[in-house]
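Spelled out from the first residue to the last, the chains are:
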Number of protein chains: 4
Amino acid sequence: MRSVWGTLSGVVMVLSLVGAAYAQSDAHSSSGANAAVAREKAIDDLVTAYHVLYHEGIVDAFGHITVRDPANPSHYLMAKSVQPPFVTRADIVELDADSNPVSKDAGHVPLERFIHGEIYRLRPDVNSVVHSHAAAVLPFTVAKDAPLRAICHTCGFLGAGAPLFEIREYAGDGSNMLVQNKALGAALAKTLGQNKVVLMRGHGFTAAGGSVKEAVYNAINTVLDAKVEMDALRLGNVTYLSDAEAAAVSKTHNASLDFSWEVWAKRASGELR
Amino acid sequence: MRSVWGTLSGVVMVLSLVGAAYAQSDAHSSSGANAAVAREKAIDDLVTAYHVLYHEGIVDAFGHITVRDPANPSHYLMAKSVQPPFVTRADIVELDADSNPVSKDAGHVPLERFIHGEIYRLRPDVNSVVHSHAAAVLPFTVAKDAPLRAICHTCGFLGAGAPLFEIREYAGDGSNMLVQNKALGAALAKTLGQNKVVLMRGHGFTAAGGSVKEAVYNAINTVLDAKVEMDALRLGNVTYLSDAEAAAVSKTHNASLDFSWEVWAKRASGELR
Amino acid sequence: MRSVWGTLSGVVMVLSLVGAAYAQSDAHSSSGANAAVAREKAIDDLVTAYHVLYHEGIVDAFGHITVRDPANPSHYLMAKSVQPPFVTRADIVELDADSNPVSKDAGHVPLERFIHGEIYRLRPDVNSVVHSHAAAVLPFTVAKDAPLRAICHTCGFLGAGAPLFEIREYAGDGSNMLVQNKALGAALAKTLGQNKVVLMRGHGFTAAGGSVKEAVYNAINTVLDAKVEMDALRLGNVTYLSDAEAAAVSKTHNASLDFSWEVWAKRASGELR
Amino acid sequence: MRSVWGTLSGVVMVLSLVGAAYAQSDAHSSSGANAAVAREKAIDDLVTAYHVLYHEGIVDAFGHITVRDPANPSHYLMAKSVQPPFVTRADIVELDADSNPVSKDAGHVPLERFIHGEIYRLRPDVNSVVHSHAAAVLPFTVAKDAPLRAICHTCGFLGAGAPLFEIREYAGDGSNMLVQNKALGAALAKTLGQNKVVLMRGHGFTAAGGSVKEAVYNAINTVLDAKVEMDALRLGNVTYLSDAEAAAVSKTHNASLDFSWEVWAKRASGELR
């Protein structure tokens, strides 16, 4: 993949689109220079996250990740309509609280950006959101009687389970199943509630986190949990994590996100096989 | 794979076999220069499609894809008997409405070309056909009580399901299971009916589309649907897409075929890991 | 893999061990110069086959393939105790009808060579034998009520099924499960009977063929059949190939072995991804 | 991976941390110069083992392997807190019988080192321990009625099964599930008993061996056994290895550990695909 984006990685660039957006929203920013630095770092992580999610099989041509704008917390940053493996810093655009691009030159932005915008609105603790169609999770989105629950110690963030969003209840029985407007985004966010992951029937899932690295961790481990639970259920009765265990392991893992991130990032860049 | 065909890719070549065939069929062509341009483009896509289908695990040494000839819509274009990863523009030959090679110098052509020819005859809306033996779909071709149905939002093209072609009904109980003549091709096309995919018992499946990119999309996502449904059925009762949902998501996805295609093509060429 | 053996591939070498063995057995040879040419070709195919079987996941550090010696049909050729990916022409040794190395300098030879020797003794139609521990087949070797049968059209060679060799019946209940002497080899060969594949309980399987390419084809497609049948049985009742279909598709596929072989060989050499 | 550690591999280095530790513990060493040579060899194997376990999918960012210190058998050697693919000789530190780093400059050491220390204390026959979270084994750690047992001839070390460590019995129902102190390590070691593998509920497993190569072999084949048993149980009643078979195949395989090791090591270094 390095050949595609390698020449840009690690280079601090002046991004015209995001830069312009930032200038406009500067007045709303509470932290000035620090926020600008945090913003640059968030964009770095976001670009790497697109590559990581692609390389780990969480997204393919479709799927996306966003980060709450450190310089303007009611806004968020997202790649415009580019496939995840091709995303560069130049593709990152700023969206406002209603998921409208701040810049008129932003180009095409993903149809389902409302997933992100509405979760940021309802959940001030969430700073990053991943949306994925990973095949391993899909069976749990269509099964009527098999909830996805935390089954292993890297998946405590799932707690007592992930709620299921049935779009038919909000868009009727003939929709294109996409969360492509504010009302559907708000319904999804409400279904998510105080959880970290929401399943979307026949479509995929959305994972939230306190940072880009945590959202990526939660997305990757949601797929792992689904694979393990799928096989475990075949063997008969199983023991899930207790609520207290789920909380305790989450705390431990959140303290070591950089450890996994370094491996994922180096695999995505090709530095590590 | 690049080492095998890389030196030819992107080069506009004068292809003697196809060129000769085109000259012969020119009188039947309705659109002259435009059709010739469309034909060159169709051949480009077709060669890339062979590589994509190999790289995505849809075909291996066997399996094929064809495209209706833009310059002569009763004819179609196909690689002669070459394994998919090795196909170049020089391997593309023209077949007539009865699946006979137009050029006497075409060399060996696939035994099962009648699958393609007879679908083009019956289905004017179909402009490209993929035939695959992908292992993930085979269980659904031999299971007596588990139909393959649209279970996720990238698989709306499956609609209410894919009919099953039981070759014993047409070739008896001791055939070599290949669709190797017009009568069997016609029976298969009739079983396909107005659907996009037909399952072939113990053999594989055939997917149709309005373009090369759509046929490739449908083939790749048929395999995805089979994998997801296989796992979902283990979990108990499942919710499939409604007919209206299937139609709506198909429309959405057909509008974004280039998005997936670019990722597949770059993976096949080695430009993207 | 190329770095390991690439410098040797395609080079016609004078092999001291095999050469010496060949000189000794020359008197028994019926066809002189032609047999010598056939022998060179068989050794070429055999070395490629070790690499193909490794690359396709049929063997790993353990597992082997042999070929009946064209210059002395009661003998056979095999790599000495070297892991499959590292085999070169220099590792090929000749074994006599009792599976003893013809040359005293042959070095270590595989413990389970008797699998091969005893099948050649009983089955004059067999010219190549593969022994594999592939994980996908193992479940069918330990399941008491689920026979492996031909379920798809590339697996006709399985016919009505593969018999199961239970070594406890011959070596008692505390053996090391290896076919490491003539008596066990003969028992295995008798269990194989007139079939192409024999399952070995908790151990693996052995596939026979009329040529190196056919034996490799049968081994690779035994693994495919096991994967497909495993999933198909989950879906309920299934339709297997009829005996007549199995025979007919086998005939067709044996006519096109080179087609698959070229893809496998180029994947093993790294020429094709 | 070569680019990450390649420049260090095979180079005999003076390691300041381990060297200092060795000087301190020299008085306890029974074998002087020989032990020093054995120690260098053990460290070589240990570093390779980290890379092998990563490459074979047994560990990822987390998981570890240790070796009993040949120069001081009550101590053991382990990589400090570095992800397995990045481990070099410079990361290896010495831990005492209570799992405290011998050097004050050792840096961070893994939280779960007590798994290793307490097994070395209870089991003088064990000289190497692997701790893994491999997904294929997890279902057997949470299933209440499906014990993991030796099902194939490369897995005799599993004997009649692997006991299950339920951490709730020792740390209560709200722990972070980590074996992060001596008491939990001792409880795990006691559960392991005289077996080679212990399952850890919702967490992973730990495998022991008489050498680094044997522990790696046991870990890799525990994953294989889990995959095979998972599929076999779907097919109905199965035949496991008898106790006598398990013992006999273990003896055979322990005599050929170098054979598998060479393949794994070359795959990890990139010398072999």
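As for the overall build of chain A
Along chain A, the regular secondary structure elements total 10 helices and seven strands. When burial is assessed residue by residue, chain A has 55% of its 273 residues classed as buried. Once local pairs closer than 6 in sequence are excluded, the contacts in chain A between residues at least 24 apart make up 71%.

Side note on the environment of Arg113 of chain D
All names here are of chain D. Relative to the assigned elements, Arg113 resides in the loop between β3 (92-95) and α4 (114-122). For Arg113, a count of 24 C-beta atoms within 10 Å corresponds to the buried category. Taking the C-alpha atoms as reference, Arg113 lies 7.2 Å from Gln180; in sequence the two are 67 residues apart. Non-local contacts of Arg113, meaning those with residues more than four positions away in its chain, are made with Met78, Leu95 and Ser99.

Some thoughts on the sheet that holds strand β1 (residues 64-68) of chain D
Residue and element names in this part refer to chain D. Spatially, the seven strands line up as an open sheet ordered β3-β2-β1-β4-β7-β6-β5, and their pairing is mixed. The sheet is open, and its two edges are formed by β3 and β5 (164-165), each paired on a single side. Where β5 meets strand β6 (residues 197-200), two bridges bridge the pair, whose relative direction is parallel. Bridging from a neighbouring strand, Phe165 pairs with Met200 of β6. The sheet contacts of helix α7 (residues 182-192) involve β5, β6 and β7 (204-209), and relative to β6 the element is tilted by about 125°. Of the strands in this sheet, β1, β4 (128-132), β6 and β7 touch helix α8 (residues 212-234), which is tilted by about 145° from β7.

Focus on helix α7 (residues 182-192) of chain B
Residues and elements named next belong to chain B. For α7, the complete set of buried residues consists of Leu184, Gly185, Leu188, Ala189, Thr191 and Leu192. The buried residues of α7 all sit within an arc of 160° when viewed along its axis, so they share a single face. Where the residues of α7 are buried, they touch α4 (114-122), β5 (164-165), α6 (168-171), β6 (197-200) and β7 (204-209). At the exit of α7 stands Gly193, carrying a positive phi of roughly 60°.

Here's the deal with the interface of chain A and chain B
Contacts between the two partners involve 28 residues from chain A, matched on the other side by 30 residues from chain B. Among the elements of the structure, α1 (2-5), α5 (138-142) and α8 (212-234) of chain A are those that each provide at least two residues to the side of chain A that touches chain B. Here the side of chain A that touches chain B gets three residues from one element, more than from any other, and that element is α5 of chain A. Classifying every residue of the side of chain A that touches chain B gives 13 nonpolar, nine polar and six charged.

Scoring rules and cut-offs
- Per-chain numbering applies: the sequence of each chain, read as written, is numbered from 1 onward.
- Chains carry letters from A onward and ligands carry numbers from 1 onward, assigned in written order.
- Only residues with pLDDT of at least 70 are given local features in this predicted model, and only at 80 or more are side-chain atom pairs given and counted; all residues enter the totals for whole chains, interfaces and linings.
- The secondary structure listing takes helices from DSSP runs of H or I that are at least 4 residues long and strands from runs of E that are at least 2 residues long, numbered from the N terminus.
- Whether a residue is buried, exposed or partly exposed is read from the other C-beta atoms within 10 Å of its own C-beta, which are placed from the backbone; 20 or more gives buried, 12 or fewer gives exposed, and intermediate counts give partly exposed.
- A pair of residues counts as a contact when their C-beta atoms, built from backbone coordinates, are separated by no more than 7 Å.
- At least two bridges found by DSSP between two strands is the condition for calling them paired.
- Lines are fitted to the C-alpha atoms to define the axes, a helix being fitted only along its stretch in contact, and any angle between axes, read from their N-to-C directions, falls within 0 to 180 degrees.
- By arc we mean the arc of the directions from the helix axis to the C-beta atoms, nothing more.
- Amino acid classes used here: Ala, Val, Leu, Ile, Met, Phe, Trp, Tyr, Cys and Pro are nonpolar; Asp, Glu, Lys and Arg are charged; the rest, including Gly, are polar.

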